[in-house]
Amino acid sequence: MKDNTVISVKNLKTYFYTNERCNKAINGVSMDIKSGKTLCIVGESGCGKSVTATSIMQLLPKLSRIEEGEIIYHSKDDRGDIRIHELERNGKEMRGLRGRDIAMIFQDPMTALNPVYTIGRQIEEMIHSHNKSISKKEVRASALKLLKNMGIPNPEKRIDQYPHEFSGGMRQRAMIAMAMSCNPKVLIADEPTTALDVTIQAQIFELMDHLKKEYNTAIMLITHDMGVVCELADDVAVMYMGNIIESGTAEEVLDNPTHPYTRALLKSIPVLGKGADQDINPIKGSTPDPYNRPSGCQFSPRCDYACEECDQGMPEEVMLEGTHMVRCARYEEVRKDGR
Ligand SMILES: Nc1ncnc2c1ncn2[C@@H]1O[C@H](COP(=O)(O)OP(=O)(O)OP(=O)(O)O)[C@@H](O)[C@H]1O
Ligand SMILES: [Mg+2]
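The structure reproduced in this document is the subject of the present report. The model shown is predicted, which means the values in this text are computed figures rather than measured ones. (Residues numbered from 1 in each chain as written. Chains lettered and ligands numbered in written order. Predicted model: local features only at pLDDT ≥ 70, side-chain atom pairs only at ≥ 80, totals over all residues. Heavy atoms only, no water.)

Judged by nonpolar contacts, the single largest core of 63 residues is most densely connected at Ile123, Ile176, Met208 and Leu221. When residues of this core are assigned to their parent elements, the largest contribution, 8 residues, is made by helix α6 (residues 168–180). Aside from chain neighbours lying at most four places away, what touches Ile123 is Ala143, Leu146, Leu147, Ala174, Ala177, Met178 and Ser181. Counting 36 residues, the second-largest nonpolar core is a separate cluster that includes Val6, Leu87, Val186 and Ala218. (Core = buried A, V, L, I, M, F, W, Y, C linked by side-chain atoms within 4.5 Å. Buried < 20%, exposed > 50% of the residue type's maximum accessible area, 1.4 Å probe, protein only. Helix = DSSP H or I, 4+ residues; strand = E, 2+ residues; numbered from the N terminus. Contact = heavy atoms within 4.5 Å.)

The structure is reproduced here in structure tokens:
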């Protein structure tokens, strides 16, 4: 394990059990989340991005459970390596980790903010719950400082307002302030800007980038938007139907995409400065029914390269140069084709 890895996920399998059917939502996922780096998880709706995040946080919905694999938090203090997957979901140790070591922000800030308390009180409670020894005055001062650091204008007034008095972008900042209140080592952001307009989105991403650089926070950013990945990622994991089908550093994956699905995702985004007449190709077909999966490579029904071999089982991981990994039986042909 390299020194800057804070969370390592190994061969994670998380399944849902509904009406006596099993959905293998996460089917053997491995990844490292590193300090001072942004790992972007990208893929279409239903591929398992959120379930990966909620597995790490032990906030899985009912009817689902971690079936196999490991999630390890490398605390770098006297607690050593903590095996998250073995902790009780709502036990003391897990509750201690949540918020203090690993914080999560959601698409909708109202899921994390309580409408009946002021923003200040919620941040103060968060700080107090993880550090009982500091005085009320100090807690208030840190809450104020956080709001300021998150770029909330007029924080002295804002601190005593309720969530409904904040705009969407301001609420998202308040939620990030809450998430950052205990200086977590890891920040997991699940589509944090989908509901916001593009200028506010850019500001929130700038803020996250700042947190990464200033506090060396490890960030796991979930998005379905390849444009966001190109802008923010240090590392990339591309997911499809519960598997990571390609991963590596941003340069490795984005400069030399090798899985047909990654290539298709990249072709589906407009490139800034290329004008309106560029080719933008939406990916053909749709994701298969999770209860009725293809037997082999999950992408094969939509893939131009698919051949008989692709039906024989999910392709093994192939290590290319550096940290670049791909799971495609025909990656050599794909590469030969150029882009
Ligand atoms: N509460 C739930 N009950 C039953 N199945 C679920 C639940 N949440 C997720 N799943 C299933 O788990 C799989 C992965 O879903 P997940 O929410 O992780 O996708 P996602 O990549 O986050 O998609 P999106 O981009 O739409 O947020 C899907 O097949 C989904 O149907
Ligand atoms: Mg999701």
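As a further point, take the environment of Met104. Within the secondary structure layout, Met104 lies in strand β6 (residues 102–105). Met104 gets classed as buried once you look at its relative accessible area, which sits at 9%. Taking C-alpha positions, Met104 is 18 Å from Ala143, a pair spaced 39 residues apart along the chain. Sequence-distant contacts of Met104, that is, excluding residues within four places in its chain, are made with Ala53, Thr54, Met57, Ile188 and Asp190.

In this section: the site of ligand 1. Ser45, Gly46, Lys49, Ser50 and Val51 are the nearest of the 14 residues found near ligand 1. Separating an oxygen atom of ligand 1 from a backbone N or O atom of Gly48 is a distance of 3.1 Å. Val51 has a polar backbone atom sitting 2.9 Å from an oxygen atom of ligand 1. Relative to its unbound accessible area of 630 Å², ligand 1 is 67% covered by the protein chains. Those elements that provide at least two residues to the shell around ligand 1 are β2 (21–34) and α1 (49–57). Ranked by residue count, the leading element in the shell around ligand 1 is α1, at 3 residues. Among the residues making up the shell around ligand 1, the classes are represented as 6 nonpolar, 5 polar and 3 charged. (Near = heavy atom within 4 Å. Polar contact = N/O pair within 3.5 Å; in protein donor to acceptor, adjacent residues only side chain to side chain. Areas by Shrake-Rupley, 256 points an atom, 1.4 Å probe, with all protein chains shown as cover. Nonpolar A, V, L, I, M, F, W, Y, C, P; charged D, E, K, R; others polar.)

The 8 strands lie next to each other as β6-β7-β8-β3-β9-β10-β12-β11, forming an open sheet whose pairing is mixed. The sheet is open, and its two edges are formed by β6 and β11 (318–319), each paired on a single side. As paired elements, strand β3 (residues 38–42) and strand β8 (residues 218–223) share 5 bridges and run parallel to each other. Bridge pairing links Cys40 to Leu221 in β8. In this fold α1 packs onto β3, β6, β7 (186–190), β8 and β9 (235–240), with an angle of close to 145° to the strand it touches most, β8. Here α6 sits on the sheet in contact with β6 and β7, set at roughly 170° to β6. (Pairing = 2+ DSSP bridges. Axes fitted to C-alpha atoms, helices over the stretch in contact; angles between N-to-C directions.)

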